[in-house]
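# Notes for the structure review
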Amino acid sequence: MTGIAMLGTGLIGSCYTQALHGGRSRDHVDLVYSRSAEKAAAFASTWNVARSTTNLAEAVNDPGIDVVVVALPNDLHEQAVTAAAGAGKAVLCTKPLGRNAAEGLRMLRAVEDAGVFHGYLEDLVYPPKTLKGLQSVQAGDLGRVLWVRSRETHPGPHSDWFFDRARAGGGAIIDMGCHCIEIARSFIGKEVRPVEVVCWGDTQVHPIESEDHAVGMVRYENGAIGQFEVSWAFRGGMDLRDEVAGTEGTLWLNHWLRTGMEMYSAKESTQYVAEKSESSRGWMFPVGDEVAALGYTNMFADMLDAFEQGHEPAETFYDGYVVNAIMDASYRSIDTKRWEPIDLPLWHGQGANETSRLSRAFDKDHELVKRERMPDGKTKLILRNTLTGEISQRVQ
Ligand SMILES: NC(=O)C1=CN([C@@H]2O[C@H](COP(=O)(O)OP(=O)(O)OC[C@H]3O[C@@H](n4cnc5c(N)ncnc54)[C@H](OP(=O)(O)O)[C@@H]3O)[C@@H](O)[C@H]2O)C=CC1
Ligand SMILES: O=C1CO[C@H](CO)[C@@H](O)[C@@H]1O
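Residues numbered from 1 in each chain as written. Chains lettered and ligands numbered in written order. Predicted model: local features only at pLDDT ≥ 70, side-chain atom pairs only at ≥ 80, totals over all residues. Heavy atoms only, no water.

Moving on, we come to the sheet that holds strand 10 (residues 225-231). Strand order in this open sheet of seven strands is 12-11-7-10-9-8-15, and the pairing throughout is mixed. This sheet does not close on itself; its edge strands, each paired only once, are strand 12 (250-254) and strand 15 (340-341). Of the pairings in the sheet, the one linking strand 7 (residues 145-153) to strand 10 comprises seven bridges and is parallel in character. When the bridges of strand 10 are listed, Ser150 appears paired with Phe228. The sheet contacts of helix 6 (residues 128-138) involve strand 7, strand 11 (239-246) and strand 12, and relative to strand 12 the element is tilted by about 170°. (Pairing = 2+ DSSP bridges. Helix = DSSP H or I, 4+ residues; strand = E, 2+ residues; numbered from the N terminus. Contact = heavy atoms within 4.5 Å. Axes fitted to C-alpha atoms, helices over the stretch in contact; angles between N-to-C directions.)

Next comes the structure, spelled out in C-alpha coordinates:
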(Lines give C-alpha, C1' and ligand atoms only; values in the text may rest on other atoms or scores of the structure.)
(Ligands and ions follow the chains in the order given, each with its own letter.)
Protein backbone atom coordinates (compact mmCIF):
# COMPACT_ATOMS: atom_id res chain seq x y z
CA MET A 1 0.00 0.00 0.00
CA THR A 2 1.20 3.52 -0.84
CA GLY A 3 2.32 5.43 2.28
CA ILE A 4 0.79 8.91 2.32
CA ALA A 5 1.80 11.94 4.42
CA MET A 6 -0.54 14.93 4.74
CA LEU A 7 1.18 18.26 5.36
CA GLY A 8 -1.45 20.60 6.86
CA THR A 9 -4.51 20.11 9.03
CA GLY A 10 -6.69 22.91 7.62
CA LEU A 11 -9.73 22.88 5.38
CA ILE A 12 -8.04 21.27 2.42
CA GLY A 13 -6.05 18.78 4.50
CA SER A 14 -9.37 17.50 5.86
CA CYS A 15 -11.09 17.39 2.44
CA TYR A 16 -8.12 15.57 0.90
CA THR A 17 -8.05 13.05 3.75
CA GLN A 18 -11.79 12.36 3.44
CA ALA A 19 -11.41 11.90 -0.32
CA LEU A 20 -8.41 9.57 0.05
CA HIS A 21 -10.13 7.46 2.71
CA GLY A 22 -13.35 7.19 0.74
CA GLY A 23 -11.99 7.01 -2.78
CA ARG A 24 -10.31 3.83 -4.02
CA SER A 25 -10.99 1.99 -0.71
CA ARG A 26 -7.31 1.15 -0.40
CA ASP A 27 -5.76 4.57 0.34
CA HIS A 28 -5.08 5.86 3.79
CA VAL A 29 -3.22 8.84 5.21
CA ASP A 30 -0.50 7.33 7.40
CA LEU A 31 1.10 10.43 8.83
CA VAL A 32 -0.01 14.02 9.39
CA TYR A 33 2.23 17.05 9.89
CA SER A 34 1.06 20.04 11.92
CA ARG A 35 2.93 22.85 13.68
CA SER A 36 1.09 21.93 16.85
CA ALA A 37 1.07 18.56 18.60
CA GLU A 38 -2.51 19.17 19.81
CA LYS A 39 -3.84 19.91 16.32
CA ALA A 40 -1.97 16.97 14.89
CA ALA A 41 -3.45 14.68 17.53
CA ALA A 42 -6.96 16.06 16.97
CA PHE A 43 -6.65 15.60 13.20
CA ALA A 44 -5.26 12.09 13.63
CA SER A 45 -8.12 11.16 15.90
CA THR A 46 -10.85 12.69 13.70
CA TRP A 47 -9.60 11.07 10.53
CA ASN A 48 -8.12 7.91 11.97
CA VAL A 49 -4.52 8.68 10.99
CA ALA A 50 -2.00 6.48 12.80
CA ARG A 51 0.95 8.81 13.20
CA SER A 52 1.64 12.53 13.49
CA THR A 53 4.62 14.85 13.75
CA THR A 54 5.37 18.53 14.26
CA ASN A 55 8.55 18.23 12.18
CA LEU A 56 8.11 18.68 8.43
CA ALA A 57 11.53 17.20 7.57
CA GLU A 58 10.69 14.14 9.65
CA ALA A 59 7.38 13.74 7.81
CA VAL A 60 8.84 13.83 4.30
CA ASN A 61 11.83 11.66 5.18
CA ASP A 62 9.77 9.01 6.97
CA PRO A 63 10.68 5.62 5.42
CA GLY A 64 7.03 4.52 5.41
CA ILE A 65 6.01 7.46 3.23
CA ASP A 66 5.94 7.27 -0.57
CA VAL A 67 3.69 10.25 -1.41
CA VAL A 68 3.71 13.66 0.24
CA VAL A 69 0.57 15.80 -0.09
CA VAL A 70 1.18 19.55 0.33
CA ALA A 71 -1.92 21.13 1.89
CA LEU A 72 -0.25 24.22 3.35
CA PRO A 73 -0.70 27.97 2.73
CA ASN A 74 0.67 29.24 -0.60
CA ASP A 75 3.89 30.70 0.84
CA LEU A 76 4.91 27.27 2.13
CA HIS A 77 4.41 25.25 -1.07
CA GLU A 78 7.91 25.72 -2.46
CA GLN A 79 9.65 24.86 0.80
CA ALA A 80 7.52 21.72 1.27
CA VAL A 81 7.89 20.59 -2.36
CA THR A 82 11.67 21.08 -2.23
CA ALA A 83 11.88 19.08 0.99
CA ALA A 84 9.75 16.23 -0.41
CA ALA A 85 11.64 16.13 -3.72
CA GLY A 86 14.94 16.23 -1.81
CA ALA A 87 13.78 13.17 0.13
CA GLY A 88 13.04 11.43 -3.18
CA LYS A 89 9.30 11.28 -2.50
CA ALA A 90 6.41 11.69 -4.95
CA VAL A 91 4.76 15.01 -4.30
CA LEU A 92 1.22 16.23 -4.85
CA CYS A 93 0.73 19.95 -4.34
CA THR A 94 -2.50 21.89 -3.92
CA LYS A 95 -3.37 24.97 -5.98
CA PRO A 96 -2.00 27.48 -6.80
CA LEU A 97 1.34 25.76 -7.43
CA GLY A 98 3.38 28.92 -6.80
CA ARG A 99 2.61 32.49 -5.86
CA ASN A 100 3.96 33.39 -9.31
CA ALA A 101 5.40 31.59 -12.34
CA ALA A 102 9.02 31.93 -11.20
CA GLU A 103 8.14 30.05 -8.01
CA GLY A 104 6.05 27.52 -9.96
CA LEU A 105 8.87 26.91 -12.43
CA ARG A 106 11.39 26.40 -9.62
CA MET A 107 9.08 23.77 -8.11
CA LEU A 108 8.71 22.05 -11.48
CA ARG A 109 12.51 21.99 -11.89
CA ALA A 110 12.91 20.66 -8.33
CA VAL A 111 10.70 17.61 -8.97
CA GLU A 112 12.11 17.03 -12.45
CA ASP A 113 15.72 17.28 -11.23
CA ALA A 114 14.94 14.88 -8.39
CA GLY A 115 13.16 12.54 -10.85
CA VAL A 116 10.12 12.21 -8.60
CA PHE A 117 6.45 11.82 -9.53
CA HIS A 118 4.49 15.09 -9.30
CA GLY A 119 0.81 15.99 -9.44
CA TYR A 120 -0.92 19.36 -9.38
CA LEU A 121 -4.05 19.07 -7.25
CA GLU A 122 -6.51 21.05 -9.41
CA ASP A 123 -9.70 19.36 -8.25
CA LEU A 124 -12.08 21.39 -10.39
CA VAL A 125 -11.15 19.62 -13.61
CA TYR A 126 -12.16 16.33 -11.94
CA PRO A 127 -15.83 16.69 -10.81
CA PRO A 128 -17.83 13.83 -12.35
CA LYS A 129 -19.83 16.20 -14.55
CA THR A 130 -16.71 18.03 -15.72
CA LEU A 131 -15.04 14.75 -16.68
CA LYS A 132 -18.15 13.78 -18.66
CA GLY A 133 -18.22 17.21 -20.31
CA LEU A 134 -14.52 16.99 -21.17
CA GLN A 135 -15.06 13.59 -22.77
CA SER A 136 -17.78 15.00 -25.02
CA VAL A 137 -15.72 18.06 -25.93
CA GLN A 138 -12.65 15.94 -26.66
CA ALA A 139 -14.77 13.64 -28.83
CA GLY A 140 -15.75 16.72 -30.86
CA ASP A 141 -19.45 16.84 -29.85
CA LEU A 142 -19.32 20.62 -29.41
CA GLY A 143 -17.21 21.26 -32.51
CA ARG A 144 -14.34 23.70 -32.09
CA VAL A 145 -14.33 25.33 -28.65
CA LEU A 146 -14.59 29.10 -29.06
CA TRP A 147 -15.21 30.45 -25.59
CA VAL A 148 -15.12 29.02 -22.08
CA ARG A 149 -16.48 31.01 -19.19
CA SER A 150 -15.64 29.85 -15.68
CA ARG A 151 -16.84 31.55 -12.54
CA GLU A 152 -16.00 31.07 -8.88
CA THR A 153 -17.37 33.54 -6.37
CA HIS A 154 -18.04 33.41 -2.63
CA PRO A 155 -18.04 35.81 0.32
CA GLY A 156 -14.32 35.37 1.03
CA PRO A 157 -11.82 32.79 2.31
CA HIS A 158 -11.84 31.15 5.69
CA SER A 159 -8.31 31.93 7.05
CA ASP A 160 -6.18 35.01 7.72
CA TRP A 161 -3.23 34.18 5.45
CA PHE A 162 -5.39 34.27 2.25
CA PHE A 163 -5.90 38.03 2.82
CA ASP A 164 -2.17 38.71 3.22
CA ARG A 165 -0.96 39.54 -0.27
CA ALA A 166 2.66 38.59 0.37
CA ARG A 167 1.76 35.19 1.82
CA ALA A 168 -0.93 34.28 -0.70
CA GLY A 169 0.71 35.86 -3.76
CA GLY A 170 -2.43 37.87 -4.61
CA GLY A 171 -6.15 37.83 -3.95
CA ALA A 172 -9.12 36.24 -5.66
CA ILE A 173 -7.21 35.62 -8.91
CA ILE A 174 -4.40 33.58 -7.35
CA ASP A 175 -6.90 31.84 -5.02
CA MET A 176 -9.75 31.03 -7.41
CA GLY A 177 -8.79 32.35 -10.84
CA CYS A 178 -6.31 29.46 -10.92
CA HIS A 179 -9.27 27.02 -10.95
CA CYS A 180 -11.15 28.91 -13.67
CA ILE A 181 -8.05 29.25 -15.85
CA GLU A 182 -7.26 25.52 -15.72
CA ILE A 183 -10.91 24.60 -16.37
CA ALA A 184 -10.94 26.79 -19.51
CA ARG A 185 -7.53 25.50 -20.59
CA SER A 186 -8.76 21.90 -20.24
CA PHE A 187 -11.80 22.48 -22.44
CA ILE A 188 -9.87 24.51 -25.04
CA GLY A 189 -7.05 21.95 -25.16
CA LYS A 190 -3.96 21.99 -23.00
CA GLU A 191 -1.76 21.69 -26.11
CA VAL A 192 -3.01 25.09 -27.33
CA ARG A 193 -0.75 27.95 -26.27
CA PRO A 194 -2.28 30.74 -24.17
CA VAL A 195 -0.99 33.94 -25.74
CA GLU A 196 -2.22 37.04 -23.93
CA VAL A 197 -4.55 38.27 -21.20
CA VAL A 198 -6.63 41.33 -20.51
CA CYS A 199 -7.89 41.64 -16.97
CA TRP A 200 -9.74 43.98 -14.64
CA GLY A 201 -9.32 43.56 -10.91
CA ASP A 202 -10.17 45.75 -7.95
CA THR A 203 -10.59 45.77 -4.18
CA GLN A 204 -14.25 46.65 -3.84
CA VAL A 205 -15.25 45.38 -0.40
CA HIS A 206 -12.65 43.95 1.99
CA PRO A 207 -10.12 46.22 3.74
CA ILE A 208 -7.14 44.47 2.12
CA GLU A 209 -4.45 45.17 -0.48
CA SER A 210 -5.33 42.24 -2.74
CA GLU A 211 -8.07 42.23 -5.38
CA ASP A 212 -11.39 40.86 -4.16
CA HIS A 213 -12.90 40.95 -7.65
CA ALA A 214 -11.53 40.25 -11.11
CA VAL A 215 -12.67 39.40 -14.62
CA GLY A 216 -10.13 38.33 -17.21
CA MET A 217 -9.97 37.05 -20.76
CA VAL A 218 -7.19 34.71 -21.85
CA ARG A 219 -6.68 34.52 -25.63
CA TYR A 220 -5.35 31.23 -26.95
CA GLU A 221 -3.34 30.79 -30.13
CA ASN A 222 -6.27 29.15 -31.97
CA GLY A 223 -8.47 32.18 -31.25
CA ALA A 224 -10.38 30.60 -28.35
CA ILE A 225 -11.08 32.72 -25.28
CA GLY A 226 -11.00 31.53 -21.66
CA GLN A 227 -12.90 33.95 -19.45
CA PHE A 228 -12.57 33.91 -15.69
CA GLU A 229 -14.75 35.69 -13.15
CA VAL A 230 -13.83 35.66 -9.47
CA SER A 231 -15.12 37.37 -6.38
CA TRP A 232 -14.34 37.22 -2.68
CA ALA A 233 -17.42 39.31 -1.89
CA PHE A 234 -20.30 37.48 -3.59
CA ARG A 235 -23.27 36.97 -1.25
CA GLY A 236 -25.34 33.82 -1.09
CA GLY A 237 -22.79 31.00 -0.90
CA MET A 238 -20.32 29.66 -3.41
CA ASP A 239 -21.19 30.07 -7.06
CA LEU A 240 -19.19 27.67 -9.22
CA ARG A 241 -20.24 27.60 -12.87
CA ASP A 242 -18.67 26.79 -16.21
CA GLU A 243 -19.94 27.36 -19.73
CA VAL A 244 -18.40 26.03 -22.92
CA ALA A 245 -19.42 27.42 -26.30
CA GLY A 246 -18.36 25.49 -29.40
CA THR A 247 -19.13 25.79 -33.10
CA GLU A 248 -21.52 22.83 -32.81
CA GLY A 249 -22.71 22.88 -29.25
CA THR A 250 -22.93 24.28 -25.75
CA LEU A 251 -22.22 22.91 -22.28
CA TRP A 252 -23.33 24.44 -18.99
CA LEU A 253 -22.12 23.15 -15.63
CA ASN A 254 -23.42 24.34 -12.28
CA HIS A 255 -21.41 22.82 -9.43
CA TRP A 256 -22.66 24.30 -6.20
CA LEU A 257 -25.79 26.46 -5.91
CA ARG A 258 -28.76 24.88 -7.73
CA THR A 259 -27.21 21.47 -8.22
CA GLY A 260 -30.50 19.64 -7.96
CA MET A 261 -30.81 19.62 -4.15
CA GLU A 262 -32.78 22.55 -2.77
CA MET A 263 -34.10 22.49 0.77
CA TYR A 264 -36.29 24.89 2.73
CA SER A 265 -36.39 25.05 6.50
CA ALA A 266 -38.29 27.60 8.55
CA LYS A 267 -36.08 26.66 11.51
CA GLU A 268 -32.39 27.38 12.02
CA SER A 269 -30.68 24.23 10.74
CA THR A 270 -28.14 22.52 12.97
CA GLN A 271 -26.54 20.76 10.00
CA TYR A 272 -23.50 21.77 7.93
CA VAL A 273 -24.98 22.76 4.57
CA ALA A 274 -22.09 23.11 2.10
CA GLU A 275 -18.75 24.91 1.80
CA LYS A 276 -19.20 28.70 2.03
CA SER A 277 -22.98 28.41 2.43
CA GLU A 278 -24.35 31.62 3.90
CA SER A 279 -27.72 30.30 4.97
CA SER A 280 -28.78 27.83 7.61
CA ARG A 281 -32.50 28.53 7.31
CA GLY A 282 -34.93 29.36 4.51
CA TRP A 283 -33.87 28.10 1.11
CA MET A 284 -30.58 26.19 1.21
CA PHE A 285 -28.50 24.35 -1.38
CA PRO A 286 -26.85 21.40 0.38
CA VAL A 287 -24.40 19.15 -1.44
CA GLY A 288 -24.71 15.38 -0.96
CA ASP A 289 -21.06 14.37 -1.23
CA GLU A 290 -18.81 17.43 -1.23
CA VAL A 291 -15.52 15.71 -1.82
CA ALA A 292 -16.90 13.87 -4.85
CA ALA A 293 -18.79 16.88 -6.21
CA LEU A 294 -15.68 19.06 -6.01
CA GLY A 295 -13.59 16.47 -7.83
CA TYR A 296 -11.29 15.45 -4.97
CA THR A 297 -12.24 11.77 -5.16
CA ASN A 298 -11.56 11.41 -8.90
CA MET A 299 -8.47 13.58 -8.59
CA PHE A 300 -6.77 11.32 -6.03
CA ALA A 301 -7.81 8.21 -7.95
CA ASP A 302 -6.08 9.64 -11.04
CA MET A 303 -3.01 10.72 -9.04
CA LEU A 304 -2.52 7.41 -7.25
CA ASP A 305 -3.35 5.25 -10.27
CA ALA A 306 -0.77 7.23 -12.26
CA PHE A 307 1.81 6.95 -9.48
CA GLU A 308 1.34 3.19 -9.13
CA GLN A 309 1.22 2.56 -12.89
CA GLY A 310 4.23 4.79 -13.63
CA HIS A 311 2.65 7.40 -15.90
CA GLU A 312 1.75 11.07 -15.58
CA PRO A 313 -1.55 12.15 -14.02
CA ALA A 314 -3.84 14.50 -15.93
CA GLU A 315 -2.51 17.46 -13.93
CA THR A 316 1.20 17.89 -13.24
CA PHE A 317 3.39 20.68 -11.88
CA TYR A 318 3.86 21.76 -15.50
CA ASP A 319 0.13 22.64 -15.62
CA GLY A 320 0.44 24.53 -12.34
CA TYR A 321 3.32 26.55 -13.76
CA VAL A 322 1.36 27.43 -16.97
CA VAL A 323 -1.58 28.59 -14.81
CA ASN A 324 0.83 30.70 -12.73
CA ALA A 325 2.19 32.32 -15.91
CA ILE A 326 -1.36 33.21 -17.02
CA MET A 327 -2.07 34.73 -13.61
CA ASP A 328 1.18 36.75 -13.69
CA ALA A 329 0.07 38.28 -17.02
CA SER A 330 -3.39 38.96 -15.51
CA TYR A 331 -1.85 40.95 -12.67
CA ARG A 332 0.30 42.91 -15.14
CA SER A 333 -2.81 43.66 -17.20
CA ILE A 334 -4.67 45.03 -14.16
CA ASP A 335 -1.87 47.57 -13.77
CA THR A 336 -1.36 48.47 -17.43
CA LYS A 337 -5.04 48.16 -18.45
CA ARG A 338 -3.83 46.47 -21.67
CA TRP A 339 -3.54 42.99 -23.19
CA GLU A 340 -0.38 41.50 -21.70
CA PRO A 341 1.63 38.67 -23.27
CA ILE A 342 1.91 35.41 -21.33
CA ASP A 343 5.54 34.65 -20.65
CA LEU A 344 6.19 30.90 -20.91
CA PRO A 345 9.94 30.25 -20.93
CA LEU A 346 9.07 26.54 -20.93
CA TRP A 347 6.31 25.38 -23.30
CA HIS A 348 5.48 21.74 -24.12
CA GLY A 349 2.45 22.26 -26.35
CA GLN A 350 1.91 23.14 -30.00
CA GLY A 351 3.99 25.79 -31.79
CA ALA A 352 2.58 28.83 -33.60
CA ASN A 353 -0.61 27.62 -35.18
CA GLU A 354 -3.21 30.35 -35.54
CA THR A 355 -6.52 28.78 -36.58
CA SER A 356 -8.22 30.55 -39.44
CA ARG A 357 -11.94 31.22 -39.51
CA LEU A 358 -14.01 28.12 -40.28
CA SER A 359 -14.98 27.78 -43.92
CA ARG A 360 -18.73 27.25 -44.38
CA ALA A 361 -18.99 26.92 -48.14
CA PHE A 362 -22.58 27.14 -49.44
CA ASP A 363 -22.14 27.21 -53.22
CA LYS A 364 -19.30 28.21 -55.53
CA ASP A 365 -19.81 31.94 -54.79
CA HIS A 366 -21.13 31.97 -51.23
CA GLU A 367 -20.46 30.99 -47.64
CA LEU A 368 -23.32 30.36 -45.24
CA VAL A 369 -23.41 32.89 -42.41
CA LYS A 370 -26.62 31.73 -40.69
CA ARG A 371 -29.68 29.52 -41.25
CA GLU A 372 -32.88 30.07 -39.28
CA ARG A 373 -36.39 28.62 -39.37
CA MET A 374 -38.88 31.54 -39.20
CA PRO A 375 -42.32 31.61 -37.52
CA ASP A 376 -44.02 31.33 -40.95
CA GLY A 377 -42.30 27.99 -41.52
CA LYS A 378 -39.88 29.31 -44.11
CA THR A 379 -36.11 29.07 -43.74
CA LYS A 380 -33.93 32.11 -44.09
CA LEU A 381 -30.37 31.68 -45.33
CA ILE A 382 -27.93 34.52 -44.79
CA LEU A 383 -25.03 34.35 -47.23
CA ARG A 384 -21.73 36.07 -47.87
CA ASN A 385 -20.31 36.44 -51.35
CA THR A 386 -16.74 35.12 -51.06
CA LEU A 387 -15.46 37.46 -53.78
CA THR A 388 -17.16 40.77 -52.95
CA GLY A 389 -17.97 40.24 -49.26
CA GLU A 390 -21.59 41.27 -49.94
CA ILE A 391 -24.11 39.94 -47.40
CA SER A 392 -27.51 38.83 -48.72
CA GLN A 393 -30.40 36.59 -47.76
CA ARG A 394 -32.56 33.97 -49.44
CA VAL A 395 -35.87 32.70 -48.15
CA GLN A 396 -36.74 29.07 -48.88
N1 LIG B 1 -10.22 23.40 -3.91
C2 LIG B 1 -8.98 23.37 -3.53
O3 LIG B 1 -8.20 22.75 -4.20
C4 LIG B 1 -8.56 24.12 -2.31
C5 LIG B 1 -7.22 24.33 -2.11
N6 LIG B 1 -6.78 25.07 -1.04
C7 LIG B 1 -5.35 25.35 -0.95
O8 LIG B 1 -4.83 24.59 0.14
C9 LIG B 1 -3.81 25.30 0.81
C10 LIG B 1 -4.19 25.39 2.29
O11 LIG B 1 -5.44 26.03 2.38
P12 LIG B 1 -6.50 25.70 3.55
O13 LIG B 1 -6.36 24.30 3.99
O14 LIG B 1 -7.80 26.14 3.07
O15 LIG B 1 -5.97 26.68 4.65
P16 LIG B 1 -6.24 26.61 6.19
O17 LIG B 1 -5.88 27.93 6.72
O18 LIG B 1 -7.58 26.02 6.45
O19 LIG B 1 -5.17 25.53 6.67
C20 LIG B 1 -3.80 25.68 6.45
C21 LIG B 1 -3.07 24.73 7.37
O22 LIG B 1 -1.67 24.83 7.11
C23 LIG B 1 -0.96 24.60 8.33
N24 LIG B 1 0.16 25.54 8.47
C25 LIG B 1 1.44 25.21 8.57
N26 LIG B 1 2.21 26.28 8.67
C27 LIG B 1 1.39 27.33 8.65
C28 LIG B 1 1.61 28.71 8.75
N29 LIG B 1 2.83 29.25 8.87
N30 LIG B 1 0.52 29.51 8.70
C31 LIG B 1 -0.71 29.01 8.57
N32 LIG B 1 -0.97 27.68 8.46
C33 LIG B 1 0.08 26.85 8.52
C34 LIG B 1 -1.97 24.82 9.44
O35 LIG B 1 -2.04 23.62 10.14
P36 LIG B 1 -1.44 23.58 11.60
O37 LIG B 1 -1.99 24.79 12.33
O38 LIG B 1 -1.94 22.29 12.12
O39 LIG B 1 0.05 23.64 11.45
C40 LIG B 1 -3.28 25.09 8.81
O41 LIG B 1 -4.31 24.29 9.33
C42 LIG B 1 -3.70 26.64 0.09
O43 LIG B 1 -2.65 26.59 -0.83
C44 LIG B 1 -5.03 26.79 -0.62
O45 LIG B 1 -4.93 27.57 -1.79
C46 LIG B 1 -7.67 25.50 -0.09
C47 LIG B 1 -9.02 25.26 -0.22
C48 LIG B 1 -9.57 24.55 -1.35
O1 LIG C 1 -12.22 26.84 -4.45
C2 LIG C 1 -11.92 27.23 -3.35
C3 LIG C 1 -12.95 27.66 -2.37
O4 LIG C 1 -12.53 28.78 -1.60
C5 LIG C 1 -11.24 28.69 -1.03
C6 LIG C 1 -10.99 29.95 -0.20
O7 LIG C 1 -11.17 31.10 -0.93
C8 LIG C 1 -10.21 28.52 -2.14
O9 LIG C 1 -8.92 28.46 -1.62
C10 LIG C 1 -10.53 27.26 -2.88
O11 LIG C 1 -9.61 27.01 -3.90
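Right, picking up where we left off after that structure.
Before going further, it helps to examine the pairing of strand 2 (residues 29-33). Across the five residues of strand 2, four count as buried, placing the element largely inside the fold. Two strands pair when backbone bridges link them, and strand 1 (residues 4-7) and strand 2 are joined in this way by four bridges, in the parallel orientation. Bridge assignment links Leu7 to a residue of strand 2, and that residue is Tyr33. (Buried < 20%, exposed > 50% of the residue type's maximum accessible area, 1.4 Å probe, protein only.)

Position of Glu152 among the secondary structure elements: in strand 7. Here Glu152 is buried and forms no salt bridge, its nearest opposite-charge partner Lys95 lying at an N-O distance of 7.1 Å. If sequence neighbours within four positions are ignored, Glu152 has contacts with Leu124, Met176, His179, Cys180, Glu229, Val230, Ser231, Met238, Asp239 and Leu240. (Lys, Arg positive; Asp, Glu negative; His and termini not counted. Salt bridge = Lys/Arg side-chain N within 4 Å of Asp/Glu carboxyl O.)

On the UniProt side, "domain: Gfo/Idh/MocA-like oxidoreductase N-terminal" (unreviewed entry) is annotated at positions that read residues 4-116 here. End C-alpha atoms of residues 4-116 are separated by 15 Å, and the span's content is 47% helix alongside 19% strand. (UniProt positions renumbered as here; feature names shortened; annotations may be inferred.)

Looking at the secondary structure, you find Glu340 in strand 15. Once you skip the residues sitting within four places of it in the chain, Glu340 turns out to touch Val195, Glu196, Val197, Ala329, Arg332 and Ser333.

Let us now look at the pattern of salt bridges. One pass over the full model with this rule turns up 30 salt bridges. Two residues, Arg51 and Asp62, come together in a salt bridge whose shortest N-O distance is 2.7 Å. Here Arg51, found in strand 3 (residues 51-53), pairs with Asp62, found in the loop between helix 3 (56-61) and strand 4 (67-70); they are 11 residues apart in sequence, far enough to count as distant. You can call Arg51 partly exposed: its relative accessible area is 36%.

As a further point, take the nonpolar core. Judged by nonpolar contacts, the single largest core of 110 residues is most densely connected at Leu7 and Tyr16. Viewed by domain, this core spans two of them, domain 1 (4-124) and domain 2 (256-288), each represented by three or more residues. In contact with Leu7, other than residues within four places in its own chain, are Tyr33, Leu56, Ala59, Val60, Val68, Val69, Val70, Ala71, Leu72 and Ala80. (Core = buried A, V, L, I, M, F, W, Y, C linked by side-chain atoms within 4.5 Å. Domains from an automatic or database assignment.)

Let's shift gears to the packing of aromatic side chains. Given two aromatic rings, their pairing is described by the distance between the two centres and the angle made by the two planes. Here the structure, examined in full by the defined rule, presents seven aromatic pairs. Pairing Tyr318 with Tyr321 gives two aromatic rings, centres 5.9 Å apart and planes at 55°, and the pair type is tilted. With Tyr318 and Tyr321 both in helix 11 (residues 317-336) and three residues apart, this pair spans about one turn of that helix. Each member of the pair, Tyr318 as well as Tyr321, carries the same accessibility label: buried. A network of ring pairs unites the aromatic residues Tyr16, Tyr296 and Phe300 as a single cluster. Positioned above the aromatic ring of Phe234 is the side chain of Arg151, whose terminal nitrogen or guanidinium carbon lies 5.6 Å from the ring centre. (Phe/Tyr/Trp six-rings, centres within 6.5 Å; stacked < 30°, edge-to-face > 60°. Lys NZ or Arg CZ within 6 Å of the ring centre and 35° of its normal.)

In the vicinity of ligand 1, 25 residues are found, and the nearest of them are Thr9, Ser34, Lys39, Asn74 and His158. At 2.9 Å, a backbone N or O of Leu11 approaches an oxygen atom of ligand 1. Protein coverage of the free-state accessible area of ligand 1, which is 880 Å², stands at 89%. The dominant element in the shell around ligand 1, judged by the number of residues it contributes, is helix 1 (residues 11-22), at three residues. (Near = heavy atom within 4 Å. Polar contact = N/O pair within 3.5 Å; in protein donor to acceptor, adjacent residues only side chain to side chain. Areas by Shrake-Rupley, 256 points an atom, 1.4 Å probe, with all protein chains shown as cover.)

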